Amino acid sequence: MSPALGLRAVGRPTLAALAAIGRVVLFAAATLGHLLRPPFYWRELGTQILQIGWFSLPVVGLTALFTGGALALQIYSGGARFNAEAVVPSIVAIGMVRELGPVLGGLMVAARVASSIAAELGTMKVTEQIDALTTLSTNPMKYLVVPRVLAATLTVPVLVGVGDAIGIMGGWLVGVTRLDFNSVTYLKNTVDFLEVWDVGSGLVKGAAFGFIVALMGCYHGMNSGRGAQGVGKATKSAVVAASVLILAANYMLTELFFTS
Amino acid sequence: MITLASVTKSFGTNNVLRGVDLTIASGKSMVIIGGSGTGKSVLLKCILGLVEHDAGTIALDGQDVRRAERDAFLARFGMLFQGGALFDSLRVWENVAFRLMRGTTKRPKAEAREIAVEKLRRVGLGSQVADLYPGELSGGMQKRVGLARAIAAEPEIIFFDEPTTGLDPIMAGVINDLIREIVVEMGATAMTITHDMSSVRAIADDVAMLHEGTIKWTGPVSQMDSCADPYVQQFIHGRANGPINAIR
């Protein structure tokens, strides 16, 4: 392969990737701009809080419950190698609130919400409902995008908080019933080792992940291609992009919060 | 009056509009005819600003639409979309009253509902339909709801995008008659795009033939059958042979 061909092979996808990042950044900036300027659609916001927050509770709760239980088993079995079984409550708590609660909660919401938003908005685009909104003097960014992004940014931290509690409870349940921990001691260790910032950092991560999930769902939905295939592709892209960005953002936030 | 001068629009290498010149007089009903994929819908969307044209001028009452204040400009329009474009998550009456419950024309909910029910009645739908969702309606009923939504705020200009596509001939006739009645009754300026010749004869005052991105012929509907333009003659008689390629 000649150097020119090699350069082209690297350059084209690089430029395409940079252009895609630029479009997403512009979309995010436009969303934030509309977030601050009226009109505000409160009823839409309420509906989205219900859709994104309340209806995601079962899936986030179940994920947290099983993760907390599995984490307790893993730490107990790993800790047994150097007689550190007693650290199970504190490690379960810290692991849940700092990492697993926000990340797994975010990923579950990404699977459920980003796909749903992208499919809904993509279908609206294909059936000209978004054009119809515009002709009815309603800005689709304000009416469709802002309520979804705001609702996800506000509710995912709450979901993460609830997930943290349920995950710790899952660990406690396994610790008490399967690993012979004393219930009171387990809970006391959990509370003693947890710091406010452990929980707070997880909630901040949750807000960031909520923003990412809704933004990706809206961006891919609003830019959906034609027909069922276009909507399907938009839905897939939204979930993949949201999941990857959550993991990348998690690393960066962890670096920012815990290594300085 | 809507005036288009040398309007062009391309999507990549596909030059859809190649210099459209057209005038739609106030209070008149203009029907744009042309084959599928000739840019009729793009032309309509360019006027509304849903698609930005590349060059040329589109003016409404002498003012360039690109410089017009967006909300005030759009408030003058109503539009019936090809597939209805009704909002699935809203009830029928909420769809019809959508504009009446937001922005500068905002009214109390009860009043907006009352107007919506009245507009539904105007298009031949009973009040029992008001609380249904669009998914519960037939295609013809959805078109009527779309029509009711288009006229709800009593706009000066109404656009109809393929109003009879997908309807049986009887329902198509009903929709055509409704459009004609409403346009005359409201004194509105209307622009319809269609390739249904029965719609053209029922709705139009004037007709324009769009082909290969330019207007090939325009004139009163009364002169359409006798005009010498080969594009119009081939199109209105549905002939496979002529200047328009049957396979595009």
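Given the structure is predicted, the values throughout are model-derived calculations rather than measurements.

Reading the values: rules and limits
Residues numbered from 1 in each chain as written. Chains lettered and ligands numbered in written order. Predicted model: local features only at pLDDT ≥ 70, side-chain atom pairs only at ≥ 80, totals over all residues. Helix = DSSP H or I, 4+ residues; strand = E, 2+ residues; numbered from the N terminus. Rg over C-alpha atoms; globule rule 2.2 N^0.38 Å. Buried ≥ 20, exposed ≤ 12 C-beta atoms within 10 Å, placed from the backbone. Pairing = 2+ DSSP bridges. Axes fitted to C-alpha atoms, helices over the stretch in contact; angles between N-to-C directions. Domains from an automatic or database assignment. Contact = placed C-beta atoms within 7 Å. Nonpolar A, V, L, I, M, F, W, Y, C, P; charged D, E, K, R; others polar. Parallel < 35°, antiparallel > 145°, perpendicular 65-115°, else oblique. Left-handed = near helix turned anticlockwise from the far one by under 90°. Core = buried A, V, L, I, M, F, W, Y, C linked by C-beta atoms within 7 Å.

Undergrad: What is the right way to look at the overall build of chain B in this model?
TA: Each helix and strand counted, chain B has eight helices and ten strands in total. Here chain B has a C-alpha radius of gyration of 18 Å; the compact-globule value for 248 residues is 18 Å, and the two agree. Principal-axis analysis of the C-alpha atoms gives chain B an extent of 55 × 40 × 35 Å. Across the 248 residues that make up chain B, the buried fraction comes to 43%.

Undergrad: Got a minute to help me understand the sheet that holds strand β10 (residues 214-220) of chain B in this structure?
TA: Remark on secondary structure: sheet strands pair via backbone hydrogen bonds, oriented parallel or antiparallel. Residue and element names in this part refer to chain B. Read from one edge to the other, the open sheet built from six strands follows the order β6-β7-β8-β3-β9-β10, with strand pairing classed as mixed. With one partner strand each, in any of the chains shown, β6 (77-80) and β10 form the two edges of the open sheet. When the angles between neighbouring strand axes are averaged without regard to direction, this sheet yields 15 degrees. Where strand β9 (residues 206-211) and β10 come together, six bridges link them in antiparallel fashion. Considered in β10, the bridge of L210 is made with I215.

Undergrad: Help me understand the pairing of strand β4 (residues 55-60) of chain B in this model?
TA: Each regular strand carries side chains that alternate between the two faces of the sheet. Residues and elements named next belong to chain B. When strand β1 (residues 2-11) meets β4, the two strands line up antiparallel, connected through five bridges. Bridge pairing in β4 links L4 to I58. In the sheet, β4 pairs with strand β5 (residues 63-64) via two bridges, with the strands oriented antiparallel. When the sheet's bridge partners are listed, A59 is paired in β5 with D64. Counted along the chain from β4 to the antiparallel partner β5, the turn is two residues long, and its residue D61 has a positive phi close to 50 degrees.

Undergrad: Hey, could you run me through helix α1 (residues 40-48) of chain B in this one?
TA: Along an α-helix, residues three or four apart share an orientation, since each turn contains 3.6 residues. All names here are of chain B. Most of α1 is tucked away: seven of the nine residues are buried. Buried residues of α1: K40, S41, V42, L43, K45, C46 and I47, and no others. Positive phi appears at G49, one or two residues downstream of α1, with a value of about 85 degrees.

Undergrad: Just checking my understanding: could you explain unusual backbone geometry for this structure?
TA: Glycine aside, residues mostly have negative phi angles, and peptide bonds mostly take the trans form. In the segment running from P38 of chain A into P39 of chain A, the intervening peptide bond is cis, with an omega of 5 degrees. Residue position: P39 of chain A is located in the loop between α1 (3-36) and α2 (42-53). For E128 of chain A, which is not glycine, the phi torsion reads 65 degrees and is therefore positive. Within the fold, E128 of chain A resides in the loop between α4 (88-126) and α5 (129-135). Despite not being glycine, S6 of chain B has its phi angle at roughly 50 degrees, a positive value. Judged by the 14 C-beta atoms lying within 10 Å of it, S6 of chain B falls in the partly exposed class.

Undergrad: Honestly, the sheet that holds strand β2 (residues 14-24) of chain B in this entry has me stumped. Any pointers?
TA: Residues and elements named next belong to chain B. One open sheet accounts for four strands, arranged β2-β1-β4-β5; its pairing is antiparallel. Looking at the sheet topology across the chains shown, the edges are occupied by β2 and β5. With eight bridges connecting them, β1 and β2 associate as antiparallel partners. Residue T8 lies in a different strand from β2, and its bridge partner there is R18.

Undergrad: So what exactly am I meant to see when it comes to the domain arrangement of chain B here?
TA: Frequently, the measure chosen for interface size is the accessible area that the parts lose on association. Residues and elements named next belong to chain B. Domain annotation of chain B identifies domain 1 (2-76 + 155-237) and domain 2 (86-142). Look at where the C-alpha atoms of domain 1 and domain 2 centre, and you get two points 26 Å apart. On the domain 2 side, the residues contacting the six residues of domain 1 number five residues. The residue inventory of the side of domain 1 that touches domain 2, partitioned by class, reads four nonpolar, one polar and one charged.

Undergrad: Would you explain the interface of chain B and chain A in this entry?
TA: Taken together, the contact between chain B and chain A spans 15 residues of the former and ten residues of the latter. Looking at the side of chain B that touches chain A, the elements with two or more residues in it are α2 (70-74) and β6 of chain B. Across the side of chain B that touches chain A, the residue classes break down as ten nonpolar, two polar and three charged.

Undergrad: Quick question: what am I supposed to make of the packing of helix α8 (residues 196-222) of chain A against helix α9 (residues 227-258) of chain A here?
TA: Think of two packed helices as two axes; the pair is described by the angle between the axes and how far apart they sit. All names here are of chain A. Between α8 and α9, whose axes approach to 9 Å, the crossing angle comes to 155 degrees. Judged on the interaxial angle alone, α9 and α8 are roughly antiparallel. Where α8 crosses over α9, the handedness of that crossing is right-handed. Touching S201, K205, A208, F209, I212, V213, M216, G217, H220 and G221 of α8 are A234, S237, A238, A241, A242, L245, I246, A249, N250, L253 and F257, all from α9. For the contact of α8 with α9, the class distribution of residues is 14 nonpolar, six polar and one charged.

Undergrad: Teacher, can you tell me more about the nonpolar core here?
TA: Residues A114, I212, V213, M216 and A242 of chain A are the most contacted members of the largest nonpolar core, which totals 138 residues. Looking at which domains feed residues into this core, each of domain 1 (2-76 + 155-237) and domain 2 (86-142) of chain B supplies at least three. Sequence-distant contacts of A114 of chain A, defined by excluding residues within four places in its chain, comprise V213, M216, G217, A238, V239 and A242 of chain A.

Undergrad: Please explain the environment of Q82 of chain B as it appears in this structure.
TA: Residue and element names in this part refer to chain B. Among the secondary structure elements, Q82 is positioned in the loop between β6 and α3 (92-96). Assessed through the 19 C-beta atoms surrounding it within 10 Å, Q82 is described here as partly exposed. Between the C-alpha atom of Q82 and that of P163, which follows or precedes it by 81 residues, the distance is 5.9 Å. Not counting chain neighbours up to four residues away, the residues in contact with Q82 comprise D161, E162 and T165.

Undergrad: Even after reading the chapter, I still don't get the environment of I244 of chain B, so can you show me in this structure?
TA: Residue and element names in this part refer to chain B. Inspection of the secondary structure puts I244 in the segment after α8 (230-237). Note on I244: 20 C-beta atoms within 10 Å, which makes it buried. In the structure, I244 is positioned 236 residues away from T8 in sequence and 21 Å away in space, judged by C-alpha atoms. Not counting residues within four places of it along the chain, the set of residues in contact with I244 comprises G35, H211, Y231, Q234 and F235.

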